[in-house]
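A closer look at the structure
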Amino acid sequence: MNKILQKIVFGITGLTLGGAERVLVDIANELSGKFNITIFTLYGKGEFEKELSPNVKLVNMIDKSYNELTKNEKVKISLKILFNKKSIYNKYIKNKFDTEIAFLEGPITRIFSVENKGIKKIAWVHNDIGQVFGKNLKAKIKRMLDKTCYSKYNEVVFVSNDNKEQFEEIYKLNNDKIVIPNYISSKRVIKKSEEQFENVFEDGTVNFLTVARLVSQKAIDRLIKIHSKLIKDGFNHKFYIIGDGPETNNLKNLIKEYNVENTFILLGKRNNPYPYIKKCDIFALLSYYEGLPMTILEAKVLEKPILITNTAAREAVAKYEKSYITDNTEEGVYEGIQRSLEMLPKWKKMQEQKYIENYNIIKQIEKLVKK
């Protein structure tokens, strides 16, 4: 007689290339042997969908990817999510699962917040909630609406202590709050890092790499300006950026404006960034704010020197000797790149720091989701 498994649904905007999306796929695959796992997405055709275990069920509200939608379709769907979240919840989620987990801030958290007595509800926070929506009037309204949404959850999970503190300061809610760092499969990262790739890096210089979605949070525009100044000041290095996003055209224009087309290269989207991370000299993530970035954990698995700004990402490099944290200012980033160029020979001589597969994180999640 087959054992009836507890039914758990994770909600996320889509399984496109991104940190939270990568984490969810790894978690869902790990849990699928002990639970009946479903992932619900607003948009389909995400690059990570093909990496899901056959044991994980996928339900897309819309079969198209977000980028395939017309401008009118995007507006129509946004309004539907804003004003008809209850009907979406009732159609796809209500009374189908024992535990409901909103795995990303924003629309999914609002949809999953619809009240359903007797169902365990968990919200996951991957970012600095005080920064993610900005500071304008629209952001303030969103935070007011989200305070009500988050109050409907039994528990809220944070990927870093810093994010938890920011959340508590803004929302001041009484629900249970815990920190569970992002889980990463180091075996998968190492295996994929060994695949063939186009080596774009140049000999005779220091090759920095950033893997990030091209959004304002990642401060790539600031980085272009600082890189240009460093080149003029005689610091020999190149920057490569893997990723795409709404800031792409703006960044291309800035690269031309600062005349750094030969030393600051946008590589666009790469389905497998791991060989690039393995091959680069220094991995950099110089964002305005962060949660617990998967790319930093992946760079640690591949034992790369890491340069970051002073954000919540500092928790990801705690006790990792081949790392440098710089002030989150133009002057700080300039100094940080200069300092990392000086430290690179020392970093290269350091003994390997093997990344330990942390299955305790999976055990924490198993305990959390059990009803």
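Look a little higher up for the structure.
Remember, predicted model here, so these are calculated numbers, not experimental data.

Each value, and the rule that gives it
- Residues numbered from 1 in each chain as written.
- Predicted model: local features only at pLDDT ≥ 70, side-chain atom pairs only at ≥ 80, totals over all residues.
- Heavy atoms only, no water.
- Helix = DSSP H or I, 4+ residues; strand = E, 2+ residues; numbered from the N terminus.
- Rg over C-alpha atoms; globule rule 2.2 N^0.38 Å.
- Buried < 20%, exposed > 50% of the residue type's maximum accessible area, 1.4 Å probe, protein only.
- Areas by Shrake-Rupley, 256 points an atom, 1.4 Å probe, with all protein chains shown as cover.
- Lys, Arg positive; Asp, Glu negative; His and termini not counted.
- Charge placed at Lys NZ, Arg CZ, Asp CG, Glu CD.
- Core = buried A, V, L, I, M, F, W, Y, C linked by side-chain atoms within 4.5 Å.
- Contact = heavy atoms within 4.5 Å.

A word on the overall build of the protein chain
Of regular secondary structure, the protein chain possesses 13 helices and 13 strands. Whereas a compact globule of 371 residues would reach a radius of gyration of roughly 21 Å, the protein chain reaches 21 Å, a difference of no more than 12%. Taken along its principal axes, the extent of the C-alpha atoms in the protein chain is 65 × 50 × 40 Å. Per-residue burial over the protein chain gives 55% buried out of 371 residues. For the protein chain, the accessible area works out to roughly 18,100 Å², and carbon and sulfur atoms hold 48% of it. When the 62 basic and 46 acidic side-chain charges of the protein chain are each reduced to a single mean position, those positions are 6 Å apart.

So, the nonpolar core
Judged by nonpolar contacts, the single largest core of 59 residues is most densely connected at Phe10, Ile39, Phe103, Trp124, Leu209 and Phe283. Top element by residues in this core is helix H1 (residues 19-31). It accounts for seven residues. Excluding residues within four positions of it along the chain, Ile39 makes contact with Phe10, Ile12, Leu15, Leu24, Ala28, Leu52, Val56, Lys57, Leu58 and Val59. Membership of the second largest hydrophobic core comes to 29 residues, among which are Met61, Tyr92, Val114 and Leu173.

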